[in-house]
Amino acid sequence: MAIEIVTRSSNLPSIDETDFFHSKELFLIIENTPLHKPYMLIVRNEQKEIVAHLLGVVVRKRMWLPPFMYSYGRVYGEGVYEKDCNRQQVFALMLEKITQIFRRTLCLYFEFSDLSTKMFGYKSFREHGYFHVNWQEIHNSFAEDDPESMLSEKMKKKLELSRQRNVTTRTITDPEEITTLYALTKKYFRFRVRRQTPPKKQFIQFSQSTNTKLFASFINNKMVASAVCAYSNGNAYLWILASKRKSYYTSHPDAAIVWHIIKDAHDAGMNQVCFLDAGLPIRPNSYRDFILGFGGKPVTKYRWFNISVPWINRIAHWFFSS
């Protein structure tokens with residue numbers, strides 16, 4: 001098999017678009033986002049037919065301290081494969097290639113998340129020096145119950161308070177509202193480790209996509225919560241969630257916006273809503289407890305990391321394996 005590396009959308013062949021996180025559309029969004037560069041790996045067999053593809057992203061991030069900027073690599077999921085493809089074997093080839101790309105572009109660290117199963121690619125990751133961290137996801141499935149019947153009593157009270165205080169939620173596409181959403185989200189994640197707000201241009205592209213939506217909650221026409229939701233393979237993925245605090249806390253705008261997303265996904269016929277970043281499976285975790293109030297089920301998976309400084313990577317490997 002041969003692997004082709006594509007860095008420009010004009011060179012992309014026709015590929016399966018069912019997985020948004022490895023689609024041409026997301027490639028285009030990343031390509032047009034400042035400080036982001038996409039790498040699409042295309043795997044072909046001896047007959048030159050495409051059997052798999054995987055999208056990786058190199059992001060450059062500014063800092064206040066020297067060296068003032070660093071890069072990191074990011075991959076969501078394990079890619080897209082043809083039915084008769086040996087997924088583990090082909091993934092091992094793509095993992096080796098994308099790791100080489102991340103090292104060549106001087107990424108400080110690289111991360112794989114949101115894999116389909118906990119043990120997918122375990123051997124390949126270990127062979128290439130990655131270490132795993134237990135990570136929590138929460139999935140709200142619509143197969144068994146109506147979303148409202150899954151709510152906890154505490155969450156029902158929060159939603160009732162948000163209704164009493166006239167919290168309204170809707171999708172937004174207006175440029176001025178997107179600017180406000182961007183500012184709110186950036187402020188919320190300003191001091192949070194490992195979380196950065198995408199550039200404003202990416203939010204604008206999300207609002208124009210058929211596979212992503214921007215949501216915002218308002219009190220008296222003032223934006224108090226924001227969210228980005230992606231739709232892929234019949235599922236909704238809550239990608240980014242932010243809200244104002246302090247004086248707006250008792251209005252529970254974060255509960256109102258998440259509930260609106262769940263209802264919107266249910267009405268659209270989605271299979272489930274996935275909260276991708278519920279954090280480390282440790283207690284206490286207020287955000288995870290908040291999300292569980294909507295009736296979802298916790299799912300523990302591995303996130304795989306590789307730090308480009310060998311001795312730091314060895315220490316991290318020892319720490320998370322012990």
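Provided above is the structure to which this section pertains.
Residues numbered from 1 in each chain as written. Predicted model: local features only at pLDDT ≥ 70, side-chain atom pairs only at ≥ 80, totals over all residues. Heavy atoms only, no water.

A. Just the pairing of strand S6 (residues 107-113), in detail. Summarising burial for S6: six of the seven residues are buried, a large majority. By the bridge criterion, four bridges tie S6 to strand S13 (residues 297-307) in an arrangement that is antiparallel. Along S13, the bridge assignment pairs Phe110 with Asn306. (Buried < 20%, exposed > 50% of the residue type's maximum accessible area, 1.4 Å probe, protein only. Helix = DSSP H or I, 4+ residues; strand = E, 2+ residues; numbered from the N terminus. Pairing = 2+ DSSP bridges.)

B. Spotlight on the side chain of Glu111. Topologically, Glu111 is positioned in strand S6. Judged by its relative accessible area of 1%, Glu111 falls in the buried class. A polar side-chain atom of Glu111 sits 3.0 Å from a polar atom in the side chain of Arg303. (Polar contact = N/O pair within 3.5 Å; in protein donor to acceptor, adjacent residues only side chain to side chain.)

C. A look at the packing of aromatic side chains. Tallied over the full model, the rule gives 28 aromatic pairs. Seen in terms of ring centroids, Phe20 and Trp239 are 6.5 Å apart; in terms of plane orientation they differ by 90°. Their pairing is edge-to-face. Taken together, the residues span a long stretch of sequence, with Phe20 in the loop between strand S1 (2-6) and helix H1 (24-31) and Trp239 in strand S11 (residues 235-243) at a distance of 219 residues. Like Trp239, Phe20 is buried. Ring geometry for Phe112 against Tyr130: centres 5.9 Å apart, planes inclined by 80°, an arrangement best described as edge-to-face. Here the residue Phe112 occupies a position in strand S6, and Tyr130 occupies one in the loop between helix H3 (122-127) and strand S7 (131-141), the gap between them amounting to 18 residues. (Phe/Tyr/Trp six-rings, centres within 6.5 Å; stacked < 30°, edge-to-face > 60°.)

D. Layout of the nonpolar core. Within the largest apolar cluster, 44 residues are counted, with the highest numbers of intra-cluster contacts made by Leu26, Met40, Ile172, Phe203, Leu214 and Trp239. Each residue touching Met40, except ones within four places of it in the same chain, is listed here: Glu4, Ile5, Val6, Leu12, Ile15, His22, Ser23, Phe27, His53, Leu54 and Leu55. Counting 27 residues, the second-largest nonpolar core is a separate cluster that includes Leu238, Ala255, Ile262 and Ile291. (Core = buried A, V, L, I, M, F, W, Y, C linked by side-chain atoms within 4.5 Å. Contact = heavy atoms within 4.5 Å.)

E. Structural detail: the packing of helix H5 (residues 175-188) against helix H6 (residues 200-208). Where H5 contacts H6, the axes come no closer than 10 Å and their chain directions differ by 125°. Overall, the two elements H5 and H6 adopt an arrangement that is oblique. Two packed elements cross with a definite hand, and for H5 against H6 that hand is right-handed. In this structure, H5 contributes Ile178, Thr179, Leu181, Tyr182 and Thr185 to the contact, and H6 contributes Lys200, Phe203, Ile204 and Ser207. A breakdown of the residues in the contact of H5 with H6 according to their chemical character gives five nonpolar, three polar and one charged. (Axes fitted to C-alpha atoms, helices over the stretch in contact; angles between N-to-C directions. Parallel < 35°, antiparallel > 145°, perpendicular 65-115°, else oblique. Left-handed = near helix turned anticlockwise from the far one by under 90°. Nonpolar A, V, L, I, M, F, W, Y, C, P; charged D, E, K, R; others polar.)

F. Representation of a negative patch on the surface in the model. Taken together, Asp16, Glu17, Glu49, Glu82 and Asp84 make up a surface patch of like negative charges. Along the chain, Glu17 turns up in the loop between S1 and H1. (Patch = residues over 30% accessible without salt bridge, like charges linked within 9 Å, V, L, I, M, F, W, Y side chains within 5 Å. Areas by Shrake-Rupley, 256 points an atom, 1.4 Å probe, with all protein chains shown as cover. Salt bridge = Lys/Arg side-chain N within 4 Å of Asp/Glu carboxyl O. Lys, Arg positive; Asp, Glu negative; His and termini not counted. Charge placed at Lys NZ, Arg CZ, Asp CG, Glu CD.)

G. Spotlight on unusual backbone geometry. Backbone geometry places Leu106, a non-glycine residue, at a positive phi of 60°. Along the chain, Leu106 falls in the loop between helix H2 (87-104) and S6. On the accessibility criterion, Leu106 (70% relative accessible area) is exposed. Despite not being glycine, Asn220 shows a phi value in the positive range, around 50°. Judged by relative accessible area, Asn220 falls into the exposed class, the value being 70%.

H. Region of interest: a positive patch on the surface. A surface patch of like charges, here positive, comprises Arg60, Arg62, Lys186, Lys187, Arg190 and Lys222. Those elements that place two or more of their residues in the positive patch are strand S3 (50-62) and H5. The exposed category is assigned to Arg190, whose relative accessible area is 53%.

I. Representation of the pattern of salt bridges within the structure. Enumeration over the complete set of coordinates arrives at 10 salt bridges. Lys156 is the salt-bridge partner of Glu153, the closest N and O atoms lying 3.6 Å from each other. One end of the pair is Glu153 and the other is Lys156, both in helix H4 (residues 153-164) and three residues apart, which spans about a single turn. Exposure remark for Glu153: the relative accessible area of 55% places this residue in the exposed category. Residue Lys156 is classed as partly exposed on the basis of its relative accessible area, which comes to 34%. Where Arg170 meets Glu177, a salt bridge forms, and the shortest distance between an N and an O atom there is 2.6 Å.

Spatial relationships are all this shows, so hold off on functional conclusions.
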